[in-house]
Amino acid sequence: MTGPQHMTPDEFREAGRAAIDWLADFLADHRDGGHARPIVPDVAPGDVYGSLPPSPPTTGEPFDDLLADVDRLIAPATTQWQHPGFYGFFPADSSPPSILGELISAGLGVQGMMWSTSPACTELETLVLDWLVEACGLPDRFRSDGPGGGVIQDSASSASLCAVLAARDRSGGAAELPRLRVYTSAQAHSSIEKDILVAGFAREQLRVVPTDAGFAMDADALAAMVAADVAEGLVPCLIAATVGTTSSGAVDPVARVCDVAGPAGAWVHVDAAWAGSATVCPEYRHLLDGLDRVDSYCFNPHKWLLTNFDCSAFFVADSGPLLDSLSIVPEYLRNAASDAGEVIDYRDWQVPLGRRFRSLKLWFVLRSYGTDGLRAHIRAHVAATADLAERLAANPSLEMAAPLSLGLVCFRHVDGDEASERLLAAVNASGRAFLTHTRLDDRYALRVAVGGTWTTADHVTELADLLDALLLDEALDGP
Ligand SMILES: *Cc1c(COP(=O)(O)O)cnc(C)c1O
């Protein structure tokens, strides 16, 4: 039997050049303002499926045909997350060096579950996360040269799941589970609730702490809830604080959370999935107040730091509890380096066994842009967002729905939810900008998250002009 027919090296070279050429054109369009495709495609459910053959081919097809179908059928039915007018959710930045790092990772094709299965995969990850500690001004306890360190997870949800598992087991694990309690604010990301359910807790074991007028966790309320639980013989196991909430960018008072957690023996996890990238700039290091006392921290370079999904940086002050929860070593994975305890095996720092070589793309990004380039990226967005917020505040039809936070502004129409919903629909129907919404104080709010790789101050000004124009048309048309 002969094996399959692979591309020859020369065919691969040619196909690879064609794929990069296609991507270069795609990115060039975003850079020019994204005129080639609407941000949200005009696609009905089933359209994409129906446009493709129902069965796979029996004989191989030429690469040109594949690329042509990407151009004709796939790209036009894709939401343009890299479009400069994409302000929905939080943008998920990609960048040329990141794309190339991802490509090389796929080419090396390693499975980095342990140091011994690919030493560079482990050690580059350790190095790049130490670089992030320095670049972002994180506490030294997250560096790899002490009991703690960092690891790249696929998502913030997985990072917080690891924190939940380590905290659960540090507080007694399965035997104590019914007595354990977890605390997070009413504005925390939904992944915290999902994580505690996955970790075997009942929903009632999650205490939802109220927030203050600015949507940050009310530390006094937290203290009272913890004290009441302790008085009842329950065990506070984990407090999950958020730095930069998803709805409005609110920042929980981490130092005060630590004051409460310390005496109660609770693990503190800080979720800074979006806002964490901003701390590459020294002027935003106040976001890290209290972080030198927490057990774990996570932020997503795949949101605002030019590194394409997936890349979530997770740091622990002490990897011991994580390993106690997650290290299981069957005979077939035993090896001399691991047995000697000389190396990090990142399989023990995450739920799955297998892992991708994700540090390559982050390394490429850090080296290509330098910390100066990353700071310029964040600063340009924060400045543009401040200008946008000023324009919105000056419009009598609009009001702020939350305090401005870095690159996120939340606002609503003064006429109420229906008017706000209509405005959002009109912006999105324009094809030039894409916004999503949330609810704050039980009212509909539009969110503008400025953070896309190709989004410049000019694009944000265009959005402000668009909003003014839509509101003016509406005023002229009458209600
Ligand atoms: C985006 C976000 C998450 C979820 O991130 P994933 O990496 O997609 O799991 C969690 N927390 C906050 C505050 C976020 O903004």
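First things first, this report covers the structure right here in the doc. In this text, all values refer to a predicted model and were calculated from it rather than measured experimentally. (Residues numbered from 1 in each chain as written. Predicted model: local features only at pLDDT ≥ 70, side-chain atom pairs only at ≥ 80, totals over all residues. Heavy atoms only, no water.)

**Let's talk about the sheet that holds strand β10 (residues 436–440)**
The strand order across the open sheet formed by 4 strands is β8-β9-β11-β10, and the pairing between neighbours is antiparallel. Each having just a single partner strand, β8 (398–400) and β10 make up the two edges of the open sheet. For this sheet, the mean inter-axis angle between neighbouring strands, taken without regard to orientation, is 40 degrees. The pairing of β8 with strand β9 (residues 408–413) spans 3 bridges and is classified as antiparallel. Looking at β9, one finds that Met 400 is bridged to Phe 411. Contacts between helix α14 (residues 417–429) and the sheet are confined to β8, β9, β10 and β11 (443–449), with β11 contributing the most and set at about 30 degrees to the helix. (Pairing = 2+ DSSP bridges. Helix = DSSP H or I, 4+ residues; strand = E, 2+ residues; numbered from the N terminus. Axes fitted to C-alpha atoms, helices over the stretch in contact; angles between N-to-C directions. Contact = heavy atoms within 4.5 Å.)

**What to know about helix α4 (residues 96–108)**
Its 13 residues place the ends of α4 19 Å apart at the C-alpha level, agreeing with the 18 Å of an ideal helix rising 1.5 Å per residue. Among the residues of α4, those classed as buried are Pro 97, Ser 98, Gly 101, Glu 102 and Ser 105. Relative to the axis of α4, the buried residues are bounded by an arc of 140 degrees and lie together on one face. Summarising the geometry of α4, the exposed residues directed more than 90 degrees from the buried face are Ala 106 and Gly 107. Check the buried side of α4 and you find it contacts α13 (359–393). Of the residues trailing α4, Gly 109 is marked for its positive phi of about 60 degrees. (Expected span 1.5 Å × (residues − 1). Buried < 20%, exposed > 50% of the residue type's maximum accessible area, 1.4 Å probe, protein only. Arc of directions from axis to C-beta.)

**Let's talk about the pattern of salt bridges**
Evaluated as defined, the whole model comprises 28 salt bridges. In this structure, Arg 356 engages Glu 102 in a salt bridge whose closest nitrogen and oxygen atoms are separated by 3.2 Å. With a gap of 254 residues between them, Arg 356 in the loop between α12 (336–339) and α13 and Glu 102 in helix α4 connect regions that are remote in the sequence. By relative accessible area, Glu 102 is classed as buried at 18%. Ionic pairing is found between Arg 439 and Asp 442, a salt bridge with its closest N-O pair at 3.2 Å. (Salt bridge = Lys/Arg side-chain N within 4 Å of Asp/Glu carboxyl O.)

**Re helix α1 (residues 9–32)**
With 24 residues, α1 should reach 34 Å at 1.5 Å per residue; the first-to-last C-alpha distance of 34 Å fits that figure. Within α1, burial applies to Ala 15, Trp 22, Phe 26, Leu 27, Asp 29 and His 30. Those residues of α1 that are buried are in contact with α3 (63–74) and α4. Gly 33 lies just past α1 and shows a positive phi near 120 degrees.

**Considering the site of the ligand**
For the ligand, the set of nearby residues contains 14 residues, the closest of which are Ala 156, Ser 157, Asp 271, Asn 300 and Lys 303. In the model, an oxygen atom of the ligand is placed 2.7 Å from a nitrogen or oxygen of the Ala 156 main chain. A distance of 2.9 Å separates an oxygen atom of the ligand from a polar atom in the side chain of Asn 300. Within the complex, the protein chains bury 88% of what would otherwise be the 380 Å² of accessible surface of the ligand. Of the pockets mapped on this structure, the ligand occupies the second largest pocket. Secondary-structure elements contributing two or more residues to the shell around the ligand are α6 (156–170) and α10 (301–304). For the shell around the ligand, the residue count by class is 3 nonpolar, 9 polar and 2 charged. (Near = heavy atom within 4 Å. Polar contact = N/O pair within 3.5 Å; in protein donor to acceptor, adjacent residues only side chain to side chain. Areas by Shrake-Rupley, 256 points an atom, 1.4 Å probe, with all protein chains shown as cover. 1 Å grid on protein atoms, 1.4 Å probe; cavity = no way out; pocket = protein on both sides within 12 Å on 5 of 7 lines; lining within 4 Å. Sits in = over half its atoms within 2 Å of the grid points. Nonpolar A, V, L, I, M, F, W, Y, C, P; charged D, E, K, R; others polar.)

**Considerations on the environment of Phe 215**
Looking at the secondary structure, you find Phe 215 in the loop between β3 (206–209) and α8 (219–231). According to the relative accessible area criterion, Phe 215 is buried, its value standing at 3%. Residues contacting Phe 215, with those up to four places away along its chain left out, are Gln 187, Thr 245, Ser 248, Ala 250, Ala 401, Ala 402, Leu 440 and Asp 441.

**Overview of unusual backbone geometry**
Residue Asp 310 is bonded to the preceding Phe 309 through a cis peptide linkage, with omega at 10 degrees. Positive phi, close to 50 degrees, is recorded for Leu 406, a residue that is not glycine. Along the polypeptide, Leu 406 turns up in the loop between β8 and β9. Even without glycine at this site, Asp 441 takes up a positive phi of about 55 degrees. Tracing the chain through its elements places Asp 441 in the loop between β10 and β11. Owing to a relative accessible area of 55%, Asp 441 belongs among the exposed residues under this scheme.

**Quick word on the nonpolar core**
Membership of the largest hydrophobic core comes to 66 residues, with the highest contact counts inside it found for Leu 132, Tyr 297 and Phe 315. Here this core gets 7 residues from one element, more than from any other, and that element is α13. Excluding residues that lie within four positions of it along the chain, Phe 315 makes contacts with Leu 129, Leu 132, Val 133, Leu 138, Phe 142, Gly 149, Gly 150, Asp 295, Ser 296, Tyr 297 and Phe 299. Counting residues in hydrophobic clusters, the runner-up holds 31 residues, among them Leu 161, Ala 240, Ala 273 and Leu 326. (Core = buried A, V, L, I, M, F, W, Y, C linked by side-chain atoms within 4.5 Å.)

**Here's the deal with a negative patch on the surface**
On the surface, a cluster of negative charge is contributed by Glu 11, Glu 14, Glu 61, Asp 64 and Asp 65. Mapped onto the negative patch, the elements with two or more residues apiece are α1 and α3. Within the fold, Glu 14 resides in helix α1. In this structure Glu 14 comes out as exposed when scored by relative accessible area, which is 59%. (Patch = residues over 30% accessible without salt bridge, like charges linked within 9 Å, V, L, I, M, F, W, Y side chains within 5 Å. Lys, Arg positive; Asp, Glu negative; His and termini not counted. Charge placed at Lys NZ, Arg CZ, Asp CG, Glu CD.)

**Some words on the packing of α6 against helix α7 (residues 190–198)**
For the pair α6 and α7, interaxial distance at closest approach is 9 Å and the crossing angle is 45 degrees. Taken together, α6 and α7 sit at an angle that is classed as oblique. The chirality of how α6 crosses α7 is right-handed. For the pair α6 and α7, contact is made by Ser 157, Ser 160, Leu 161 and Val 164 and by Ser 191, Ile 192, Asp 195, Ile 196 and Val 198, respectively. Grouping the amino acids of the contact of α6 with α7 by side-chain chemistry returns 5 nonpolar, 3 polar and 1 charged. (Parallel < 35°, antiparallel > 145°, perpendicular 65-115°, else oblique. Left-handed = near helix turned anticlockwise from the far one by under 90°.)

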